[in-house]
Amino acid sequence: MNSIATALGQVRDRIQAAERCFERHPGSVQLLAVSKTRPIADILEAVAAGQWQFGESYLQEALDKIRQLQGKGLKWHYIGRIQSNKTRPIAEHFDWVHSIDKAKQARRLNEQRPDGLPPINVCLQVKIDREESKSGLSPDQAAQLAMEICHMPRLRLRGLMTLPAPAEGLEAQRRPFHALQLLQQRLSTPQLPLDTLSMGMSADLEAAIAEGSTLVRVGTAIFGPRRPMA
Ligand SMILES: *Cc1c(COP(=O)(O)O)cnc(C)c1O
C-alpha cells in the first residue's frame, strides 16, 4: 500500500476510535481530505483509497484541480478566505463553502450559483475563541446572517465552521469546539435545521468529535507536512 493510503487508513481508524470513545454513532463523522498545495497525483492516490471529498483553500489552484479531475464524482469544499470579488468561480464549481464570514459573500454566492446546479451547501465561519483572528463572524453576527440566508434560495445553510488557535491537550482543545456546538444548538430550529459542525483538523480531531463534530478537515495527517507557500 502506498503511504497516502496507509495514512488515510490511520485517520479513519482515529475517527472510528473517537466515535466509539465519545459515544457518537458509527459513521456520523465525515472525513474531508484537505488537499491544498498537494499535487494531483496525491489526490488520485487518495481517490484510489476511497476518499471522495476534498477541501481546497487557494482558488486558482483548486479550479485547476477540479477541471483536471472532472467526471470522477468527487465533491469539492472551499475552505479558504473568500474575496468578495471572486465568488463567481466558487459558486460555479464547488459543492460546499465552509468559510463564509460576510453577508456580502453569501448574497453574491446566492446570485451567482448557476440555476442548473443544486443549492450550494454553506457553513458560517465563526470566531469562537480568538478575538484577534481576522476571519470569522462573532456568534451574534452568525445568528443574524443565518436568518438572512433563510431567504437565499440558491444557498443551503448546513451549519458552522471554526478554526481555533492551536491548543495542547484534550481539555483545552475541547473548549472552543464546545462553544461552537452550543451556538449550533441555539441557531438550529425546525425551520432551520442545521446538520453540520465542521471542526477538527489533524492535531485536534478527537477533541472535535468529542464535542459533536460531523466533519473533520484533515490535511497533514493524510498527505504529510505541507511545504510553506511562497
Ligand atoms: C489547512 C486547513 C486544514 C487542515 O489542517 P491540517 O492541520 O493540515 O490537518 C483544515 N481546515 C482549514 C480551514 C485549513 O485551512
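Above this text is the structure in question.
What counts and what doesn't
- Here the residue numbering is sequential within each chain, running from 1 through the sequence in written order.
- Totals for whole chains, interfaces and linings use every residue, but because this is a predicted model, local features are given only for residues with pLDDT of at least 70 and side-chain atom pairs only at 80 or more, for both listing and counting.
- With hydrogens and water excluded, all non-hydrogen atoms of the structure serve as input to the side-chain values.
- Secondary structure elements are taken from DSSP: a helix is a run of H or I of four residues or more, a strand is a run of E of two residues or more, and numbering for both begins at the N terminus.
- The globule rule used here is 2.2 Å times the number of residues to the 0.38 power, and the radius of gyration it is set against is calculated over C-alpha atoms.
- Any pair of residues with heavy atoms lying within 4.5 Å of one another is described as a contacting pair.
- Only the protein chains shown count as cover for residues, and all accessible areas are computed by the Shrake-Rupley method using a 1.4 Å probe.
- We treat Lys and Arg as the positive residues and Asp and Glu as the negative residues; His and chain ends play no part in the count.
- Working definition for charges: the position is that of NZ of Lys, CZ of Arg, CG of Asp or CD of Glu.
- Neighbouring residues are identified by heavy atoms, a residue being near a molecule or strand if any of them is within 4 Å of it.
- Side-chain atoms alone can form a polar contact between residues adjacent in sequence; in general such a contact is a pair of N or O atoms within 3.5 Å, and within protein one must be able to donate a hydrogen while the other accepts it.
- Only protein atoms enter the 1 Å grid used here, on which a cavity is any set of points holding a 1.4 Å probe that cannot leave and a pocket is any open set flanked by protein within 12 Å on both sides along at least five of seven lines; residues with an atom within 4 Å of a point are listed as lining.
- To decide whether a molecule occupies a pocket or cavity, check its atoms: if more than half lie within 2 Å of the grid points, it is inside.
- Lys, Arg, Asp and Glu make up the charged group, whereas Ala, Val, Leu, Ile, Met, Phe, Trp, Tyr, Cys and Pro make up the nonpolar group; the residues left over, Gly among them, are polar.
- To sort residues, take the accessible area from a 1.4 Å probe on protein chains only and compare it with the maximum for the residue type: under 20% means buried, over 50% means exposed, and anything in between is partly exposed.
- Grid points are joined across faces, edges and corners, and a volume is the space filled by probe spheres set on the points.
- Directions are taken from the helix axis to each C-beta atom, and the arc is the one they span.
- Criterion used throughout: strands pair if DSSP finds at least two bridges between them.
- The set of buried Ala, Val, Leu, Ile, Met, Phe, Trp, Tyr and Cys residues whose side-chain atoms join them within 4.5 Å is what this entry labels a nonpolar core.
- Seen with its strands pointing away from the viewer, a crossover is right-handed when the path leading from the first strand over the helix to the second is clockwise.

### Concerning the overall build of the chain
- The secondary structure content of the chain amounts to nine helices and eight strands.
- Against the 2.2 N^0.38 benchmark of 17 Å for 230 residues, the chain shows a C-alpha radius of gyration of 17 Å, consistent with a compact globule.
- Based on the C-alpha atoms only, the size of the chain along its principal axes is roughly 50 × 40 × 35 Å.
- Of all intrachain contacts in the chain linking residues separated by at least 6 positions in sequence, the fraction that spans at least 24 positions is 59%.
- With the model as given, the accessible surface of the chain reaches about 11500 Å², and the carbon-plus-sulfur share is 51%.
- Of the side-chain charges in the chain, 30 are positive and 24 negative, and the distance between the mean point of each set is 5 Å.

### As for the site of the ligand
- Taken together, 13 residues lie near the ligand, and Lys36, Ser202, Arg217, Thr220 and Arg226 sit nearest.
- Threonine 220 is positioned such that a nitrogen or oxygen atom in its side chain is 2.5 Å from an oxygen atom of the ligand.
- Starting from 390 Å² of accessible surface for the ligand in isolation, the protein chains cover 88%.
- Of all the cavities here, the one that holds the ligand is the largest pocket.
- Tallied by class, residues from the shell around the ligand come to six nonpolar, four polar and three charged.

### Quick look at the side chain of histidine 98
- Mapped onto the elements of the fold, histidine 98 is located in strand 4 (residues 96-100).
- Engagement of the side chain of histidine 98 in a polar contact is seen with the side chain of serine 198, the distance being 2.8 Å.
- In contact with histidine 98, not counting residues within four places along its chain, are Leu32, His77, Tyr78, Ile79, Cys123, Leu124, Gln125, Met161, Ser198, Leu215 and Arg217.

### Things to note about unusual backbone geometry
- For glutamate 23, which is not a glycine, the phi torsion comes out positive at approximately 55 degrees.
- Locating glutamate 23 in the fold gives a position in the loop between helix 1 (3-21) and strand 1 (30-34).
- Non-glycine residue threonine 37 carries a positive phi angle of around 70 degrees.
- Residue classification places threonine 37 among the partly exposed positions, given a relative accessible area of 25%.

### Quick notes on the layout of surface pockets
- Taken as a whole, the largest pocket holds about 510 Å³ of empty space.
- Along the walls of the largest pocket sit 23 residues, with Lys36, Leu163, Met201, Arg217 and Arg226 positioned nearest its centre.
- By residue class, the composition of the lining of the largest pocket is 11 nonpolar, six polar and six charged.
- Roughly 290 Å³ of internal volume is contained in the second largest pocket.
- What lines the second largest pocket is a set of 21 residues, and nearest its centre among them are Arg81, Gln125, Ser133, Lys134 and Ser135.

### Digging into helix 3 (residues 59-68)
- Along helix 3, the positions that sit buried rather than exposed are Leu59, Ala62, Leu63, Lys65 and Ile66. Viewed end-on, helix 3 has its buried residues packed into an arc of 165 degrees, placing them on one side of the element. Exposed side of helix 3, more than 90 degrees from the buried face: Gln60, Arg67 and Gln68 are the residues found there.
- In this structure, the buried residues of helix 3 make contact with helix 2 (40-48), strand 2 (53-56), strand 3 (75-78) and helix 4 (87-93).

### Here's the deal with the pairing of strand 8 (residues 215-218)
- By the alternation rule, side chains of strand 8 split into Leu215 and Arg217 and Val216 and Val218, which are all buried.
- Across four bridges, strand 1 lies against strand 8 in parallel orientation. Its bridge partner being in strand 8, leucine 31 is matched across the sheet by valine 216.

### Here's the deal with the nonpolar core
- Ranked by size, the top nonpolar core spans 59 residues in total, and within it Phe94, Val97, Ile100, Leu124, Ile149 and Ile222 carry the most contacts.
- Not counting residues within four places of it along the chain, the set of residues in contact with isoleucine 149 comprises Ala106, Val122, Leu124, Leu155 and Leu157.

### Some thoughts on the pairing of strand 4
- For strand 4, the buried fraction is high: five of the five residues fall into the buried class.
- Sheet topology note: the strand 3/strand 4 ladder contains two bridges and is parallel. The residue of strand 4 that forms the bridge with tyrosine 78 is valine 97.
- In terms of handedness, the path from strand 3 via helix 4 over to strand 4 forms a crossover that is right-handed.
- Of the strand pairs in this sheet, strand 4 and strand 5 (residues 120-125) are connected by three bridges, and their pairing is parallel. Counted as the bridge partner of isoleucine 100 is leucine 124 from strand 5.
- Taken together, strand 4, helix 5 (residues 103-112) and strand 5 constitute a β-α-β crossover, and its handedness is right-handed.

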